[in-house]
Amino acid sequence: MLRLENLTMVVENNQGENREIIRDINAEFEAGKVYGITGPNGGGKTSLAKLIMGIYMPSQGRIYLQDQDITPLSISERARLGIIYAFQQPPRFKGLTVKDLLNIARPGIDNLHLRSTLRDVGLCPEDYMDRDVGPGLSGGEMKRIEMAQTLAREAVISIMDEPEAGVDLWTIQKLIAVIVGKYKKNPRLTTIIITHNENMLHICDEVLVLESGMLVHRGTPEKIWPHIRDEIECKMKEQCSGEVAYEIR
Amino acid sequence: MKFDDIQANLLKTIANLDGVPQGAVNIRIDGSPALRHSSPNIQIIPKQDKPGFDLEVAPGTKGETVHVPVILTKSGLTDMVYNTFIIGEAADVTIIAGCGIHNSSHMNSQHDGIHEFILYPHSKLRYVEKHYGEGSGQGKKILNPTTTVQVAEGATIEMEMVQIAGVDDAVRTTTVHIQEKGYVKMIERLLTHGDQHAESHVEMHIDGPGGSGQVLSRSVAKENSEQVFRAALIGKADCAGHVECDSIIMDHSKIRAIPQLVAEDANAVLTHEAAIGRIAGEQLIKLMSLGLTEQQAIDTIIEGFLR
Ligand SMILES: Nc1ncnc2c1ncn2[C@@H]1O[C@H](COP(=O)(O)OP(=O)(O)OP(=O)(O)O)[C@@H](O)[C@H]1O
Ligand SMILES: [Mg+2]
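Reference entry: report on the structure contained in this document. (Residues numbered from 1 in each chain as written. Chains lettered and ligands numbered in written order. Predicted model: local features only at pLDDT ≥ 70, side-chain atom pairs only at ≥ 80, totals over all residues. Heavy atoms only, no water.)

### What about the coordination of the magnesium ion (ligand 2)?
For the magnesium ion (ligand 2), the protein coordination sphere consists of A:T46 (OG1) and A:Q88 (OE1), at 1.9 to 2.1 Å. In this pair, A:T46 is assigned in helix α1 (residues 45-53) and A:Q88 in the loop between β6 (83-86) and α3 (98-105), connecting sequence segments 42 residues apart. (Donors = N, O, S within 2.8 Å, 3.2 Å for Na, K, Ca; no water. Helix = DSSP H or I, 4+ residues; strand = E, 2+ residues; numbered from the N terminus.)

### Side note on the pattern of salt bridges
Tallied over the entire structure, the rule returns 21 salt bridges over all chains. Between A:D100 and B:R307 there is a salt bridge, with its nearest N and O atoms 2.8 Å apart. Residue A:D100 is found in helix α3, and its partner B:R307 is found in the segment after α3 (294-305); the two belong to separate chains. (Salt bridge = Lys/Arg side-chain N within 4 Å of Asp/Glu carboxyl O.)

### Side note on helix α2 (residues 281-288) of chain B
The buried fraction of α2(B) is high, at six of eight residues. Regarding α2(B), the residues found buried are B:Q283, B:L284, B:I285, B:K286, B:L287 and B:M288. Contacts from the buried residues of α2(B) go to α2 (75-81), β6, α3 and α6 (139-153) of chain A together with α3 of chain B. (Buried < 20%, exposed > 50% of the residue type's maximum accessible area, 1.4 Å probe, protein only. Contact = heavy atoms within 4.5 Å.)

### Observations regarding helix α4 (residues 111-120) of chain A
All names here are of chain A. Among the residues of α4, those classed as buried are H113, L114, T117 and L118. On an axial view of α4, the arc spanned by its buried residues comes to 135°, and they lie on one face. For α4, the elements touching its buried residues are α3, α5 (125-128) and α6. Backbone nitrogen of L112 and a side-chain oxygen of the N-cap are separated by 3.1 Å at the start of α4; the cap is D110. (Arc of directions from axis to C-beta. Polar contact = N/O pair within 3.5 Å; in protein donor to acceptor, adjacent residues only side chain to side chain.)

### A word on the sheet that holds strand β8 (residues 190-194) of chain A
Residues and elements named next belong to chain A. On the basis of which strands lie adjacent, the open sheet formed by six strands has the order β6-β7-β8-β3-β9-β10 and mixed pairing. The outermost strands of the open sheet, each flanked by one partner alone, are β6 and β10 (214-219). Going across the sheet, the axis of each strand differs from the next one's by a mean of 15°, ignoring polarity. Where β6 and strand β7 (residues 157-161) come together, four bridges link them in parallel fashion. Among the inter-strand pairings, A86 is bridged to a residue of β7, identified as M160. Relative to the sheet, α1 contacts β3 (34-38), β6, β7, β8 and β9 (206-211), its axis offset from that of β6 by approximately 150°. (Pairing = 2+ DSSP bridges. Axes fitted to C-alpha atoms, helices over the stretch in contact; angles between N-to-C directions.)

### Section: the pairing of strand β16 (residues 197-206) of chain B
Residues and elements named next belong to chain B. Strand direction decides the pairing type here: strand β14 (residues 169-178) and β16, joined by 10 bridges, are parallel. Within β16, the residue paired with T173 across the bridge is H201. Note: β16 against strand β18 (residues 226-235), 10 bridges, orientation parallel. Of the residues in β18, the one forming a bridge with A198 is Q227.

### Re the packing of aromatic side chains
The final tally for this structure, using the stated rule, is six aromatic pairs over all chains. Ring centres 5.1 Å apart and planes at 35° place the aromatic pair A:Y85 and A:F87 in the tilted group. The class for A:F87 is buried, based on a relative accessible area of 2%. With centroids separated by 4.7 Å and ring planes inclined at 70°, the aromatic side chains of B:F117 and B:Y127 adopt a geometry described as edge-to-face. One end of the pair, B:F117, is in strand β9 (residues 109-119); the other, B:Y127, is in strand β10 (residues 124-134), with 10 residues separating them in the sequence. Like B:F117, the residue B:Y127 is buried in the burial classification. Among the aromatic side chains, those forming a connected cluster through ring pairs are B:F53, B:F85, B:F117 and B:Y127. (Phe/Tyr/Trp six-rings, centres within 6.5 Å; stacked < 30°, edge-to-face > 60°.)

### Here we look at the site of ligand 1
Residue and element names in this part refer to chain A. Not every one of the 15 residues close to ligand 1 is listed here, only the nearest: R19, G42, K45, T46 and S47. In the environment of ligand 1, an oxygen atom lies 2.6 Å from a nitrogen or oxygen atom belonging to the side chain of S47. In isolation ligand 1 offers 630 Å² of accessible surface; the protein chains occlude 68% of this area. For the shell around ligand 1, the elements supplying multiple residues, two or more each, are β2 (18-29) and α1. Broken down by element, the shell around ligand 1 gets its largest block of residues, three residues, from α1. A breakdown of the residues in the shell around ligand 1 according to their chemical character gives four nonpolar, eight polar and three charged. (Near = heavy atom within 4 Å. Areas by Shrake-Rupley, 256 points an atom, 1.4 Å probe, with all protein chains shown as cover. Nonpolar A, V, L, I, M, F, W, Y, C, P; charged D, E, K, R; others polar.)

### Considerations on the packing of α3(A) against α6(A)
Residue and element names in this part refer to chain A. In contact at an axis separation of 8 Å, α3 and α6 are set at 30° when each is read in the N-to-C sense. Classified by the angle their axes make, α3 and α6 are roughly parallel. The element α3 and its partner α6 pack so that their crossing is right-handed. Taken together, the residues of α6 that come into contact with α3 (itself represented by V98, L101, L102, I104 and A105) are I145, A148, Q149, A152 and R153. Here the contact of α3 with α6 is composed, by residue class, of eight nonpolar, one polar and one charged. (Parallel < 35°, antiparallel > 145°, perpendicular 65-115°, else oblique. Left-handed = near helix turned anticlockwise from the far one by under 90°.)

### Structural notes on the interface of chain B and chain A
Each side of the interface is counted separately: chain B has 19 residues, and chain A has 26 residues. Ranking the residues of chain B by area buried against chain A places B:K286, B:S289 and B:L290 at the top, with a combined share of 33%. Across the chain B-chain A interface, the total number found is three salt bridges. A:E146 is paired through a salt bridge with B:K286; the nearest N and O atoms lie 2.7 Å apart. At the boundary of chain B and chain A, one finds nine residue pairs in polar contact (both at pLDDT 80 or more). Going through the elements one at a time, α2 and α3 of chain B are the ones with two or more residues in the side of chain B that touches chain A. With six residues, the single largest contributor to the side of chain B that touches chain A is α2(B). (Buried area = accessible area lost by both parts, 1.4 Å probe.)

### A look at unusual backbone geometry
In this structure, A:D24 is a non-glycine residue whose phi angle is positive, near 45°. Relative to the helices and strands, A:D24 is located in strand β2. According to the relative accessible area criterion, A:D24 is partly exposed, its value standing at 46%. In this structure, B:N16 is a non-glycine residue whose phi angle is positive, near 55°. In this fold, B:N16 is placed in the loop between α1 (5-15) and β1 (25-29). Exposure remark for B:N16: the relative accessible area of 56% places this residue in the exposed category.

If you want it as structure tokens, here you go:
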């Protein structure tokens, strides 16, 4: 179980003023459940994920993993305790292959597992195993390789940052099936999916909405989705001065 | 022929040799030839007027590999050698060279190899050369290879030059001439650390129409080391040439990369790309989030980059 307690993160903007990008967040993420985090661009989703991974340090608050305070721990230490974060924009590496990265994610991974993991994200193992994770891969391919590392690692806490972004519809369906099959039914694992995709949100046990760094809603997808829909509609009206450009179901 | 442990280890590192290889071979140890074998198609003949050999590959020879490593285990020695490689018409062979130095004294060890490659029409050569130094003494390990390459019509050479560890001082000078439809690909991989200094000066003349040449350099400079990479492409005909140097700079090291393009024909297409930069923070973070320590992440990135 992962627990966030009064988590706050302050950054300094260009003008030298302080700005809270994460504001006093309290949340618990239990094992055996899949959580969705959604909300407007710039709402703080990636920042929250980076705080959990140890990439960012909070200005206030604490993070607990199975009741151990991991707030002071480094990225590597948290990774070894069982947290993984699949990047929204994965970096590229000249000279490292897909196979190399999967081997790092899952030391000693055997060939069979490696191939099935690549197939799970819709990549043909023959074509991709030895490819350089460099400038020669498309954005969607990078995202799938990032997901493959997460799947291979089977971490206790997996945070996926918009795994569907830039990925074709067919693969999204496949990813959803894999997440359901692999994570939702595993009582040991906690999964957090940051997403803007309705289908992804609907497989979650619980959805959290982050806006302006604050946790504004939390509940089942059935309960939360109407809120999100209404809010999108409101925003549209505001932006289009009363004229709704198109209806949202 | 038996090698002692130091020699065996050097040979393994620079030429991937376990014992005496099959086929033509020339092993030079501490300034004199230690082992020399010709094969029916590949003759290795000592030069009469100076140290070194002429290696002649008969026209049409296919698929043979020659090993010509040099090792130095005695310090205070400056070994100078002149080797000529003649690749006969339409031959297709591989040459594995390399120089390994073991020096645990306070005196310098130096090897200056003067290599000349003459490729006859439509021949094909893959040349691999590794530089390596070891030993804990104060004495410097110095390598100054000078290489000239003549590529005749339709001939192809792929050269891979690698220096990964232990060489204190290296100045590499390479001059290439490419004739009609000849092709050259030169790959350099270099890692320097400590107070090491490495320079590479490449001059590639593409003299014949349809000729093409590529110079690719990947390097990593750590600690206080210094690197200079200078590559000039001179296009004198309807030809294509490309220089690419990509470096990772760390600590207090210095890197100078100077690509130069000289076109003397309106149909010459010459391009270059040069980039020097630190390891990106995102790359380190990514690997650390998979459980590597920062140092392991750095090593992994460098190893991949130089592979
Ligand atoms: N390291 C940082 N320094 C300064 N500002 C930051 C930093 N990281 C994020 N921010 C700011 O914090 C806010 C939240 O960013 P974040 O990336 O967490 O949003 P997000 O919810 O993931 O958005 P998106 O849906 O576009 O991915 C943004 O306004 C962003 O500009
Ligand atoms: Mg984001």
